[in-house]
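Now for the letters of each chain:
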Amino acid sequence: MSIRSLAAIRHRARSALGRLLPQRVMRDRRGSAAIEFAAVSIPFFALIGAIIETALVFLAGQILDTAVNDAARLIRTGQVQQSKMDAAAFKTEVCKRLYILFDCSGLFIDVRTSSDFTSISTSPPIDKDGKFVKDFSYNAGKATEIVVVKAYYEFHLTLSGLGLDLSDLANGNRLLGAVTAFRNEPFPW
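This report concerns the structure included in the present document. (Residues numbered from 1 in each chain as written. Predicted model: local features only at pLDDT ≥ 70, side-chain atom pairs only at ≥ 80, totals over all residues. Heavy atoms only, no water.)

Moving on, we get to the overall build of the protein chain. Tallying secondary structure elements over the protein chain gives five helices and three strands in all. Secondary structure elements of the protein chain occur, N-terminal to C-terminal, as α-α-α-α-α-β-β-β. Each of the 189 residues in the protein chain was classed as buried or not, and the buried ones make up 30%. Taking the intrachain contacts of the protein chain between residues at least 6 apart in sequence as the baseline, contacts between residues at least 24 apart amount to 75%. A total of about 12,400 Å² of accessible surface is found on the protein chain, and carbon and sulfur atoms cover 59% of it. (Helix = DSSP H or I, 4+ residues; strand = E, 2+ residues; numbered from the N terminus. Buried < 20%, exposed > 50% of the residue type's maximum accessible area, 1.4 Å probe, protein only. Contact = heavy atoms within 4.5 Å. Areas by Shrake-Rupley, 256 points an atom, 1.4 Å probe, with all protein chains shown as cover.)

Okay, structure coming up:
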């Protein structure tokens with residue numbers, strides 16, 4: 001194609017556009033800042049939202065970890081065993097230490113004894129299809145036994161559809177987990 005024919009095509013395109021829009025509208029630049037802001041603001045606010053959601057996930061994980069460690073101290077010192085606390089009562093103890101980011105009905109607690117520290121599994125209970133496997137038990141152990149306390153919570157994510165995907169479950173949620181392992185103190189009861 002020659003340069004002359006390209007120039008003719010451009011001239012025809014401009015004249016066709018000129019017939020559709022008056023020249024006065026084509027030269028008006030007053031709304032260009034608003035259009036540029038709209039084009040830039042969408043990714044900007046998506047990035048701010050992603051930062052906030054990531055921070056909330058980390059904050060919720062830290063809150064869960066702290067609550068589990070604090071409540072597990074009741075097992076370690078023998079207070080749970082002495083008061084004959086069951087799984088529901090222990091879950092309530094963990095829930096007392098959680099803040100506004102959690103709904104205790106979605107909290108799952110697993111307390112088990114272990115023969116040694118090397119056989120403790122800390123992998124999350126997620127099957128190969130990305131589903132949360134809820135196979136939990138409750139055994140606070142006796143004096144000097146090794147106990148593993150695990151807590152899991154499905155944290156709902158809002159912005160996973162915008163390219164930020166913190167989810168590790170098939171339903172789009174993030175499974176938060178906290179694990180602590182310790183040897184019970186030699187309490188006399």
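What follows is about unusual backbone geometry. With a phi angle near 55 degrees, lysine 84 is a residue other than glycine that sits in the positive phi range. Checked against the element boundaries, lysine 84 lands in the loop between α4 (79–82) and α5 (87–96). At threonine 144, a position not held by glycine, the phi torsion is positive, near 65 degrees. With respect to the helices, strands and loops of the structure, threonine 144 is situated in the loop between β1 (107–114) and β2 (146–155). Residue class for threonine 144 comes out partly exposed when judged on its relative accessible area of 41%.

Here we come to the sheet that holds β1. Strand order across the open sheet formed by three strands is β1-β2-β3, with antiparallel pairing between neighbours. The sheet is open, and its two borders are formed by β1 and β3 (174–183), each paired with just one other strand. Within this sheet the neighbouring strands show an average axis-to-axis angle of 15 degrees, counted without direction. For β2 and β3, the ladder comprises 10 bridges, and the chain directions are antiparallel. Pairing of lysine 150 across the sheet is with valine 179, part of β3. The strands that helix α3 (residues 32–76) touches are β1, β2 and β3; relative to β3, the one it contacts most, it runs at about 30 degrees. Packing of α5 onto the sheet brings it into contact with β1 and β2, and relative to β1 it is tilted by some 120 degrees. (Pairing = 2+ DSSP bridges. Axes fitted to C-alpha atoms, helices over the stretch in contact; angles between N-to-C directions.)

By the element assignment, aspartate 110 lies in strand β1. Owing to a relative accessible area of 4%, aspartate 110 belongs among the buried residues under this scheme. At 2.8 Å, the side chain of aspartate 110 and the side chain of arginine 112 are in polar contact. Side-chain polar atoms of aspartate 110 contact the backbone nitrogen of serine 137, separated by 2.9 Å. Look past the residues within four positions of aspartate 110 in its chain and what remains in contact with it is Phe136, Ser137, Val148, Val149 and Lys150. (Polar contact = N/O pair within 3.5 Å; in protein donor to acceptor, adjacent residues only side chain to side chain.)

Attention now moves to the state of the cysteines. Using the criterion set out here, one finds one disulfide in the structure. The residue that forms a disulfide with cysteine 95 is cysteine 104, at a sulfur-sulfur distance of 2.2 Å. Across the S-S bond linking cysteine 95 and cysteine 104, the dihedral sits near -140 degrees, which makes this disulfide left-handed. Under the relative-accessibility criterion, cysteine 104 is labelled partly exposed at 27%. (Disulfide = S-S within 2.5 Å.)

Turning our eyes to something else, we now look at the nonpolar core. Ranked by internal contacts, the top residues of the largest apolar core, which has 31 residues, are Leu64, Ile75, Phe90, Val94, Phe102, Leu107 and Val149. Going through the elements one at a time, α3, α5, β1, β2 and β3 are the ones with two or more residues in this core. Considering each element in turn, this core owes the most residues, 10 residues, to α3. In this structure isoleucine 75 touches Val80, Gln81, Phe90, Val111, Ala140, Val147, Val149, Phe182, Asn184 and Phe187, once residues within four positions along its chain are discounted. (Core = buried A, V, L, I, M, F, W, Y, C linked by side-chain atoms within 4.5 Å.)

Inspection of every chain in the model, using the stated rule, returns three salt bridges. One salt bridge in this structure joins arginine 97 and glutamate 93, with 3.1 Å as the shortest N-O distance. When its relative accessible area of 15% is taken as the criterion, glutamate 93 is described as buried. For aspartate 110, the salt bridge goes to arginine 112, with nearest N and O atoms at 2.8 Å. For arginine 112, a relative accessible area of 34% gives the class partly exposed. (Salt bridge = Lys/Arg side-chain N within 4 Å of Asp/Glu carboxyl O.)

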